[in-house]
Amino acid sequence: MCYDVFCWPSEAGEQSGRSPPVMNHTEGGLVIFSANSHPSSREISKRIGERLGVELGKVQVYQEDNRETRVQIQESVRGKDVFIIQTASKDVNTTIMELLITVYACRTSCARSITGVVPYFPYSKQCKMRKRGSIVSKLLASMMCKAGLTHLITMDLHQKEIQGFFNIPVDNLRASPFLLQYIQEEIPDYRNAVIVAKSPASAKRAQSFAERLRLGIAVIHGEAQDAESDLVDGRHSPPTVKIPLLIPKEKPPITVVGDVGGRIAIIVDDIIDDVDSFVAAAQTLKKHGAYKIFVMATHGILSSDAPKLIEESAIDKVVVTNTIPHEHQKLQCVKIQTVDISLILSEAIRRIYNGESMSYLFRHIGLED
């Protein structure tokens, strides 16, 4: 299903009586490549190309018998503006190598500019230092810039601060207008709904949805947090002097702050991967009287046995966008529905290529969005 929110330029021109804006075919030219070797991952690239009236560039991306990734650009990109579309597949590390090698191939082929269109930024959850871990999203950003990327278009980064890991322009688009439109058009009695944050950490996102839809908000408090490891590996060795320590956290009983009795509960988040927390939240909401439960998010990773757990849960519908291909998961679970966001990606490409302002795509977006 496709839910278009932004007015396509040709439609805007017809409504106003002016000639519609077109792609400015400059001396260099526009080339759009799909850097993914998986057929289902190329679907969004085809949609974007159709919206722009541009055929996808000729590139071969495949895996050798030894699992090495090989990329062959099959047309000239010298002096051209190249846009490389890459969506995450099940094998995320292969996805990254396909993107990096394609970018580098265009750079060594003398492309004028190379813009990466990466709707879901991989490793975005690993954007904070955790004891002896590493900030992998910072490493990935450095690799992309080093390969030759000159601009990045992405959507709903897990943490907006990830933009600071890049030394190139980053446009972090939002999928919320499409999800809001879905609520208004596909949930007939949405006025009797309440927007739910499954944890205090996602309360700002829930508040943003609630304020735009003029609805109430509820927060589930007391869900299990990631426990810190108590392994005896030196990190808990006692100091030589007495240092005051924090009191350990005690998980409170699960409660729902807000009234959900007799109402539709709409849980909103940015990523749905491991669905255990969503299933638990749905059970809690059912116990508190919610009669229908929706889960909405931008990125539907839905890994492992997520489709089965959703099918057997109290969740009525899971709505995600096509930033990540999930056709296989939809075959396993009829509750999963898709909202197409290729419209805003194609409009971003058109504006960047024509040198137009991107501010229209960020109208009414606040710091909490």
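Below: a short report on this structure. (Residues numbered from 1 in each chain as written. Predicted model: local features only at pLDDT ≥ 70, side-chain atom pairs only at ≥ 80, totals over all residues. Heavy atoms only, no water.)

Attention now moves to helix α2 (residues 43-52). One turn of an α-helix holds 3.6 residues; hence residues three or four places apart share an orientation. Within the span of α2, buried status applies to Ile44, Ser45, Ile48, Gly49 and Leu52. The buried residues of α2 occupy an angular sector of 140 degrees when the element is viewed end-on, so they sit on one face. Against β1 (30-34), β4 (81-85) and α10 (342-354) lie the buried residues of α2. Gly53, located one to two residues past α2, shows a positive phi value of around 70 degrees. (Buried < 20%, exposed > 50% of the residue type's maximum accessible area, 1.4 Å probe, protein only. Helix = DSSP H or I, 4+ residues; strand = E, 2+ residues; numbered from the N terminus. Arc of directions from axis to C-beta. Contact = heavy atoms within 4.5 Å.)

Another aspect to go through is the packing of aromatic side chains. Tallied over the full model, the rule gives 1 aromatic pair. Aromatic side chains Phe121 and Phe166 sit 5.6 Å apart centroid to centroid with 65 degrees between the ring planes, which places their arrangement in the edge-to-face category. Linking Phe121 in the loop between β5 (113-118) and α4 (136-147) with Phe166 in the loop between β6 (151-155) and β7 (170-173), this pair joins segments that are 45 residues apart in sequence. With relative accessibility at 2%, the residue Phe121 sits in the buried group. What makes Phe166 buried here is its relative accessible area of 9%. Against the face of Phe278 rests Lys198, its NZ or CZ located 4.9 Å from the ring centre. (Phe/Tyr/Trp six-rings, centres within 6.5 Å; stacked < 30°, edge-to-face > 60°. Lys NZ or Arg CZ within 6 Å of the ring centre and 35° of its normal.)

The subject of this paragraph is the sheet that holds β1. What the 5 strands build is an open sheet, ordered β1-β4-β5-β6-β7; its pairing is parallel. Because the sheet does not close on itself, it has two edges, and the strands there are β1 and β7. Taking each pair of neighbouring strands and ignoring which way they run, the sheet shows an average axis angle of 15 degrees. Helix-sheet contacts for helix α3 (residues 92-108) involve β1, β4 and β5, and the interaxial angle to β4 is about 170 degrees. On the sheet, α10 packs against β1, β4, β5, β6 and β7 and is oriented at approximately 160 degrees with respect to β6. (Pairing = 2+ DSSP bridges. Axes fitted to C-alpha atoms, helices over the stretch in contact; angles between N-to-C directions.)

Attention now moves to the nonpolar core. Among the nonpolar cores identified, the biggest contains 46 residues, and Leu173, Ile195, Ile266 and Leu345 are the most heavily contacted of them. Top contributing element to this core by residue count: α10, with 6 residues. Discounting residues that sit within four places of it in the chain, Leu345 has contacts with Ile44, Ile48, Val117, Pro119, Ile153, Met155 and Leu173. (Core = buried A, V, L, I, M, F, W, Y, C linked by side-chain atoms within 4.5 Å.)

A few words on the packing of α2 against α10. The interhelical angle for the contact between α2 and α10, taken along N-to-C directions, is 55 degrees, at an axis separation of 9 Å. Of the possible angle classes, the one that applies to α2 and α10 is oblique. Of the two possible hands of crossing, α2 and α10 adopt the one that is right-handed. Where α2 abuts α10, its residues Ile44, Arg47, Ile48, Arg51 and Leu52 lie against Ser342, Leu343, Leu345, Ser346, Ile349 and Arg350. The residue makeup of the contact of α2 with α10, split by class, is 6 nonpolar, 2 polar and 3 charged. (Parallel < 35°, antiparallel > 145°, perpendicular 65-115°, else oblique. Left-handed = near helix turned anticlockwise from the far one by under 90°. Nonpolar A, V, L, I, M, F, W, Y, C, P; charged D, E, K, R; others polar.)

So, about the pairing of strand β11 (residues 264-272). Extensive coverage of β11 is indicated by the burial of 9 of its 9 residues. Both strand β8 (residues 193-197) and β11 contribute to a ladder of 4 bridges, which runs parallel. Following the sheet pairing, Val194 is matched in β11 by Ala265. Pairing of β11 with strand β12 (residues 292-300), which is carried by 8 bridges, proceeds in the parallel orientation. Note that in β12 the partner of Ile267 across the bridge is Val295. At this point the chain moves from β11, through helix α7 (residues 276-287), to the parallel β12, and the crossover so formed is right-handed. (Right-handed = clockwise from strand over helix to strand, strands pointing away.)

Quick look at the sheet that holds β11 now. The strand order β10-β9-β8-β11-β12-β13-β14 describes an open sheet built from 7 strands, whose pairing is mixed. Each of the sheet's edge strands pairs with one partner strand only, and the pair in question is β10 (255-257) and β14 (336-339). Averaged over all pairs of adjacent strands, the angle between their axes in this sheet comes to 25 degrees, without regard to strand direction. Relative to β8, helix α6 (residues 203-213) is tilted by about 160 degrees, and along the sheet it contacts β8, β9 (216-221) and β11.

With that out of the way, let us pick up the environment of Thr323. Position of Thr323 among the secondary structure elements: in the loop between β13 (317-321) and α9 (327-332). The buried category is assigned to Thr323, whose relative accessible area is 0%. Separated by 22 residues in the primary sequence, Thr323 and Ile301 have C-alpha atoms spaced 9.3 Å apart. Excluding residues within four positions of it along the chain, Thr323 makes contact with Thr87, Pro119, Tyr120, Met155, Thr298, His299 and Ile341. One polar contact links Thr323 to His299, side chain to side chain, over a distance of 2.9 Å. (Polar contact = N/O pair within 3.5 Å; in protein donor to acceptor, adjacent residues only side chain to side chain.)

The next thing to look at is the environment of Ala111. By the secondary structure assignment, Ala111 is in the loop between α3 and β5. For Ala111, a relative accessible area of 16% translates into the label buried. The contacts of Ala111, once residues within four sequence positions are left out, are Val77, Gly79, Lys80, Val82 and Cys106.

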